[in-house]
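Residue-level structure breakdown
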Amino acid sequence: MSFNHIVLQNILRDKWTYVSYFLSSMFSIIIFFLFSVIVFHPSLKSLDPDSTLGISLMLASMLVYLFSFIYITYSIMAFLRKKTKTLGIFMITGASMKQIRMLVFRENLLIGILAILFAIVLGLVITPLFLMGAKVVLKAETFGMYMPLQAIGLTIGLFLILFVVISTVITRFINKEASIQLLKSDTIIEKSIKPHYVLFILSIMITGILAYFLKTEHAIVDTLGILYYLLFFTSILCTIHLVIAQGLRLFLKIFERSPSYLRKTNMLLVSNLNAKMKSHANMLFLVTILLSGVFLCTSILFSSYYNVKKDSEENYPYSFQYIADPKADDNMVKADLDYLENNLSSVRAQKFFIEFKSNEDQRIGYMALSDYNLLQQQENVLHQNEFIAVAGSRGVATITDNASDPYIKSFKLTKTIEQNLLSTGFQHSYFIVPDSIYQAIDYPVYKTYIYELDNWAAHIELANTITENIPSLPGERYVTSKIDLYDTEMFIKSVMFFIGSMLSLIFLSAAMSILYFYLQTTLLQEKEKYIGIRKLGLSKKELATVIAKELAILIFVPFTIAIMLLLMTLLSMRTMVSTAFLQVSMASSCCFFVLFLISYLFIRKSYFKRLVS
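With that settled, consider the overall build of the protein. Helices and strands together make up the secondary structure of the protein, namely 20 helices and 8 strands. Counting only residues that meet the buried cut, the protein has 46% of its 613 residues in that class. Taking the contacts inside the protein whose residues are at least 6 apart along the sequence as the reference set, 83% of them involve residues at least 24 apart. Carbon and sulfur atoms make up 65% of the accessible area of the protein, which totals about 31,800 Å².

Structure below.
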């Protein structure tokens, strides 16, 4: 019998241990491969690497690869724990540490190579459908099928390196001290979680302080920069882990003192949870983090679509806005306006012609009250010594200080409007003054032509045609369109949705596969334990009750904690998120709950069947 034959038989005889590892690795590789197919597509040869799409695809590929590295490392570590008894037998029969390490290395490398090959084959099968979906989402004109040789080469190369590196490094953890533990693996009892109440309270306090700084002390956050966010993220992870570990320990201690402890099979359930408290807590932590990422990404991605139209209108209030510079050539302006009139003649549109004068040094615009009322379709009234201050940029406070203004320094402010009057950023603020005062102001005049279309979001092609033929020319004309902005923003959100959805699928599959793998690695130990307990009189029905409750804890506790984290995030951002965001978050949470309930019913039935077989 050759060494490679031993490796192969070792895998085949314990194949269920490797199923989750193999499928999850294959799924991660497929996602990376599909992203690579997009990146190397012939239609994107002219893509600017610094563009939104180029950067997004590159970051997504890096995230998938990084996640694969972390997840595969975790899986191999779990395998070492699962195969303690098998490796111990090899050592008893005289295998050296070098041979043991070579055995583990070849096992994992073989699984990795098979995962890569199966992922490439399956990826090629689904690539045509994937490209069709990408064509729709990314709004590409041509996104047909091609032979992705570069994507295949990159995927094989990177993941082969990944499996070789991980398999080599992980085998270093097997040493002489570990071999002693392996030989005694049947008698080792898992260490219980120790109380760390001071560390628990300190962690919560630090996280609360950092969250407070993020909300109120922006100067400190800006000063620390990326260091602050790393500290905040680390403190959140530590707090979640301590909450789960110490919470589980405290819950079991309290439950043991309650009258319910002695009812039915509760004593056996609590005893089982106590025996595996540390491994349960670690698994709950991993699944909670993955689910939190899925829930937050899903809520943000789906709700982002609901705000695009509103955000576009707040930045560029009108379908088309044409501002002629005071130094612009009159013939050019006339030709541009004729072009606009000709192209907009077939659609229903409101037309406005106004003007304003600008203090170009301070970028303060002055507008006559009659023009302002025409534009806003209102009937505002001002006395000779009054003015209205209107914002010039979205999200920037309106300038109201007129003490040093040469024309209206003694005027009284009657109203402040926070919504920008024209396209955001063109002027810092606008002062609306009586018509007679406006006539006396000696500043350059900017003539403004505004067109507001009915059902403006349906005229994207028209907007693209106009903005391509009449682009903004500094010093001559300034052309903006909320339709064009809406189209651009929708494209960016589509790219984010496309990438985020794939990453969410990876995180969700990882959460479920980690749970599945955790159950598989403890199956033999649990089977032996329950065989002994059944000899004492435990019925199959009582065993099913204990298993159902334990699986419910493992599946729904992480789900509940992740939902609570989502609600806490939404609560802290309540002034920044829309109602649509809340609605989408709740709807997606309900969908995930149904998915988890179905998964729970399936896993419970399958696990119980294998446990009693």
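Summed over the entire model, instances satisfying the criterion amount to 10 salt bridges. For Glu-550, the salt bridge is made with Lys-276, and the minimal N-O distance between the two is 3.2 Å. Here Lys-276 lies in the loop between helix H11 (266-275) and helix H12 (277-315) and Glu-550 lies in helix H19 (residues 540-572), a separation of 274 residues in the sequence. For the pair Glu-550 and Lys-276, one class covers both residues: buried. Two residues, Arg-477 and Asp-336, come together in a salt bridge whose shortest N-O distance is 2.8 Å. Highlighted residues: Arg-477 in strand S8 (residues 477-480) and Asp-336 in helix H13 (residues 330-344), separated in sequence by 141 residues. With respect to class, Arg-477 is no different from Asp-336; both count as buried.

Of all hydrophobic cores here, the largest spans 94 residues; its most connected members are Phe-163, Met-283, Leu-291, Phe-295, Leu-551, Leu-554 and Phe-596. A per-element tally of this core places helix H17 (residues 482-521) first, with 15 residues. With sequence-adjacent residues up to four places away left out, Leu-291 is seen in contact with Leu-508, Ala-511, Pro-558, Phe-559, Ala-562 and Phe-596. Counting 24 residues, the second-largest nonpolar core is a separate cluster that includes Val-333, Ala-457, Ala-463 and Met-490.

Another point: empty space enclosed by the protein. In the structure shown here, the tally under the stated rule is 2 cavities of 30 Å³ or more. Its boundaries defined by the atoms lining it, the largest cavity holds a volume of some 70 Å³. As for the largest cavity, its lining consists of Lys-276, His-280, Tyr-518, Leu-519, Thr-522, Glu-526, Tyr-530, Ile-547, Glu-550, Leu-551, Leu-554 and Tyr-607. Breaking the lining of the largest cavity down by element, the ones donating at least two residues are H17, helix H18 (523-535) and H19. Ranked by the residues each element gives to the lining of the largest cavity, the list is headed by H19, at 4 residues. Residue classes in the lining of the largest cavity are distributed as 7 nonpolar, 2 polar and 3 charged.

Under the defined criterion, the tally for this structure stands at 20 aromatic pairs. Where Phe-356 meets Tyr-446, the ring centres are 5.4 Å apart and the plane angle is 5°; that geometry is what we call stacked. One end of the pair, Phe-356, is in strand S2 (residues 349-359); the other, Tyr-446, is in strand S7 (residues 445-453), with 90 residues separating them in the sequence. Taken as a pair, Phe-356 and Tyr-446 share a single burial class, namely buried. Considering the side-chain rings of Phe-426 and Tyr-478, the 5.0 Å spacing of their centres and the 65° angle between planes classify their relative orientation as edge-to-face. Of this pair, Phe-426 sits in the loop between strand S5 (412-417) and strand S6 (429-433) while Tyr-478 sits in strand S8, and the two are 52 residues apart along the sequence. For Phe-426, a relative accessible area of 18% corresponds to the buried category. By the ring-pair criterion, three or more aromatic residues cluster together here, those being Phe-295, Phe-556, Phe-559, Phe-592, Phe-593, Phe-596 and Tyr-600.

This part covers the sheet that holds S5. With mixed pairing, the 8 strands of this open sheet are ordered in space as S5-S4-S6-S3-S2-S7-S1-S8. At either end of the open sheet lies a strand with only one pairing partner, and these are S5 and S8. Across this sheet, the average inter-strand angle for adjacent strands is 25°, counted without regard to direction.

Considering only enclosed or pocket space, the second largest pocket measures out at about 1,800 Å³ in volume. For the second largest pocket, the lining is made up of 42 residues, of which Ile-236, Ile-240, Leu-565, Met-568 and Thr-569 are closest to its centre. Taken together, the residues of the lining of the second largest pocket break down into 31 nonpolar, 10 polar and 1 charged.

What counts and what doesn't
- All residue numbers refer to positions counted from 1 along the written sequence of the respective chain.
- Local features are withheld for residues below a pLDDT of 70 in this predicted model, meaning they are given only at 70 or higher, and side-chain atom pairs are given and counted only at 80 or more; totals for whole chains, interfaces and linings count all residues.
- With hydrogens and water stripped out, all remaining heavy atoms of the structure feed into the side-chain values.
- Elements are defined by DSSP. Helices are runs of H or I of four residues or more, strands are runs of E of two residues or more, and each kind is numbered from the N terminus.
- Summary of the burial criterion: residues with accessible area below 20% of their type's maximum are buried, those above 50% are exposed, and those between are partly exposed, where the area comes from a 1.4 Å probe applied to protein chains only.
- Whether two residues are in contact is decided by their heavy atoms, any of which lying within 4.5 Å being enough.
- Using a 1.4 Å probe, accessible areas were evaluated by the Shrake-Rupley method; residue-level cover was limited to the displayed protein chains.
- Put simply, a salt bridge is a Lys or Arg side-chain nitrogen that is within 4 Å of an Asp or Glu carboxyl oxygen.
- Only buried residues count toward a nonpolar core, which is a set of Ala, Val, Leu, Ile, Met, Phe, Trp, Tyr and Cys residues joined through side-chain atoms within 4.5 Å.
- Buriedness for pockets is judged along seven lines, at least five of which must meet protein on both sides within 12 Å for an open set on the 1 Å grid over protein atoms alone, while cavities are sets there where a 1.4 Å probe fits but cannot get out, and lining residues have an atom within 4 Å of a point.
- Grid points are joined across faces, edges and corners, and a volume is the space filled by probe spheres set on the points.
- For this scheme, ten residues count as nonpolar: Ala, Val, Leu, Ile, Met, Phe, Trp, Tyr, Cys and Pro. Four count as charged, namely Asp, Glu, Lys and Arg, and the remainder, Gly too, count as polar.
- Two aromatic rings from Phe, Tyr or Trp, using only the six-membered ring of Trp, form a pair when their centres are within 6.5 Å; if the ring planes differ by under 30 degrees the pair is stacked, by over 60 it is edge-to-face, and anything between is tilted.
- Any two strands with at least two DSSP-identified bridges between them are counted as paired.
- Working convention: axes come from line fits to C-alpha atoms, limited for helices to the stretch in contact. Angles between N-to-C directions cover 0 to 180 degrees.

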